[in-house]
Amino acid sequence: MRLTLLGTGGAAQVPVYNCACPACRAAQLDPRRRRRACSALVDCGDQRWLLDSGLPDLCERFAPGSFNGILQTHYHADHAQGLLQLRWGVGLRIPVHGPDDPEGLADLYKHPGILDFSEPFTAFEQRMLGTLRVTALPLVHSKPTFGYLLEGHGRRIAYLTDTVGLPDSTRERLQDIALDVLVLDCSTPPRDAPPRNHNDLTRALQSIDDLQPAQAVLTHIGHELDAWFMQASRELPDNVCLARDGMTL
């Protein structure tokens, strides 16, 4: 099983429009420091599934028939806007499995085109997609949101974004599993006040300590967190690193 991080940024991405902070200046000069909309691609056997669809250029990135479907974490625009163009394709059916969200995004449900939203996940539901086992994990966010436990060929990866902390039920489920990789939301530097929708570094590290993965990768990163690491010598635990666009796990 292989997970490729297509984008690792928060909603504003990096660089942020008209921002001159150290992280945004660096990203303007070096494309390797840029962060696009948070999304990933999982390959397992003959299965290839997108995790989220916030990249606006999905139609250019992926040839028709080059992936099996989409595992949608939720329907905020930065995670789903690529569907707005993709739906108008012809001659295909693309399943989109995600949470049952009556609002969805814009008019996607009214005019789904080639997208099939007919089989939403329920909490902790498991589905076999070829040799890939997918389990929907409830998260803490302002819209119905699932992370996904991906299991295949003896490996286990948990992909958990967007969330602030974890529900007790999700944390307890994952504590019983030996995770090879945890990909976890971490949008901002440490904060005194509890964040509303996304982990700060303090809360992300607490969840990592709770789950004890072999490797943890922080994603959904905002420019403030990148700048915080640039402004002083700061270290993460040995098994934790910041994601980057294009990283393969």
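Details of the structure are given in the entry above.
Residues numbered from 1 in each chain as written. Predicted model: local features only at pLDDT ≥ 70, side-chain atom pairs only at ≥ 80, totals over all residues. Heavy atoms only, no water.

Visitor: I'd like a rundown of the overall build of the chain, residues and numbers included.
Guide: Along the chain, the regular secondary structure elements total seven helices and 13 strands. Over its C-alpha trace the chain gives a radius of gyration of 17 Å, about what one expects of a compact globule, namely 18 Å for 249 residues. Here the chain holds 249 residues, and the buried ones make up 55% of them. By sequence separation, contacts in the chain at least 24 residues apart represent 60% of the contacts at least 6 residues apart. (Helix = DSSP H or I, 4+ residues; strand = E, 2+ residues; numbered from the N terminus. Rg over C-alpha atoms; globule rule 2.2 N^0.38 Å. Buried < 20%, exposed > 50% of the residue type's maximum accessible area, 1.4 Å probe, protein only. Contact = heavy atoms within 4.5 Å.)

Visitor: Any details on the pairing of strand β3 (residues 47–51)? Residues and values, ideally.
Guide: Counted residue by residue, β3 has four buried out of five residues, so it is predominantly covered. Between strand β2 (residues 39–44) and β3, which follow one another and run antiparallel, lie two residues, and Gly-45 among them has a positive phi close to 60°. Examined bridge by bridge, β3 and strand β4 (residues 69–71) share three bridges and lie parallel to one another. Across the sheet, residue Leu-51 finds its bridge partner in β4, namely Leu-71. (Pairing = 2+ DSSP bridges.)

Visitor: Can you lay out the packing of helix α1 (residues 22–29) against helix α7 (residues 223–231) for me, pointing to particular residues and giving the numbers?
Guide: Running from amino to carboxyl end, α1 crosses α7 at an angle of 95°, the nearest separation of the two axes being 7 Å. Judged on the interaxial angle alone, α7 and α1 are roughly perpendicular. Every residue of α7 that contacts α1 at Pro-22, Ala-23, Cys-24 and Ala-26 is listed here: His-223, Asp-226, Ala-227, Met-230 and Gln-231. In the contact of α1 with α7, the residues fall into six nonpolar, two polar and one charged. (Axes fitted to C-alpha atoms, helices over the stretch in contact; angles between N-to-C directions. Parallel < 35°, antiparallel > 145°, perpendicular 65-115°, else oblique. Nonpolar A, V, L, I, M, F, W, Y, C, P; charged D, E, K, R; others polar.)

Visitor: Before we move on, can you summarise helix α6 (residues 201–211) with the specific residues and values?
Guide: Regarding α6, the residues found buried are Leu-201, Ala-204, Ser-207, Ile-208 and Leu-211. Looking straight down α6, one finds its buried side chains confined to an arc of 125°; they lie on one side. Contacts made by the buried residues of α6 are with α5 (168–175), β11 (181–185), β12 (215–219), α7 and β13 (240–242). Taken from the residues just after α6, Gln-212 is the one with a positive phi, measuring 55°. (Arc of directions from axis to C-beta.)

Visitor: Quick rundown of the pairing of strand β7 (residues 126–129)? Include the residues and the values.
Guide: Of the two faces of β7, only the one carrying Arg-127 and Leu-129 is buried; Gln-126 and Met-128 on the other face are not. Bridging between β7 and strand β8 (residues 132–138) involves four bridges; their strand directions are antiparallel. Residue pairing across strands places Arg-127 opposite Val-134, the latter belonging to β8. Connecting the antiparallel pair β7 and β8 is a turn made up of two residues, with Gly-130 showing a positive phi of about 65°.

Visitor: Go over the nonpolar core with me, naming the residues and quoting the values.
Guide: Ranked by size, the top nonpolar core spans 24 residues in total, and within it Leu-3, Leu-5, Leu-51, Leu-71, Tyr-148 and Leu-150 carry the most contacts. Those elements that provide at least two residues to this core are β1 (2–7), β2, β3, β8, β9 (146–152), β10 (155–160) and β11. What Leu-150 contacts, discounting residues up to four positions off in sequence, is Met-1, Leu-3, Val-42, Leu-51, Leu-71, Leu-132, Arg-133, Val-134, Arg-155, Arg-156 and Ile-157. Core analysis: the second largest hydrophobic core is formed by 23 residues, Leu-174, Leu-182, Ile-208 and Leu-236 among them. (Core = buried A, V, L, I, M, F, W, Y, C linked by side-chain atoms within 4.5 Å.)

Visitor: Explain the pattern of salt bridges to me, using residue names and the numbers behind them.
Guide: All told, the structure shown has 16 salt bridges when counted by the stated rule. Linking Asp-30 and Arg-32 is a salt bridge whose minimum nitrogen-to-oxygen distance equals 3.1 Å. For Arg-32, a relative accessible area of 72% translates into the label exposed. One salt bridge in this structure joins Asp-57 and Arg-36, with 3.3 Å as the shortest N-O distance. With Asp-57 in the loop between β3 and α2 (58–61) and Arg-36 in the loop between α1 and β2, this residue pair connects regions lying 21 residues apart in the sequence. Salt bridges sharing partners connect three or more residues here, namely Arg-2, Asp-43 and Arg-48. (Salt bridge = Lys/Arg side-chain N within 4 Å of Asp/Glu carboxyl O.)

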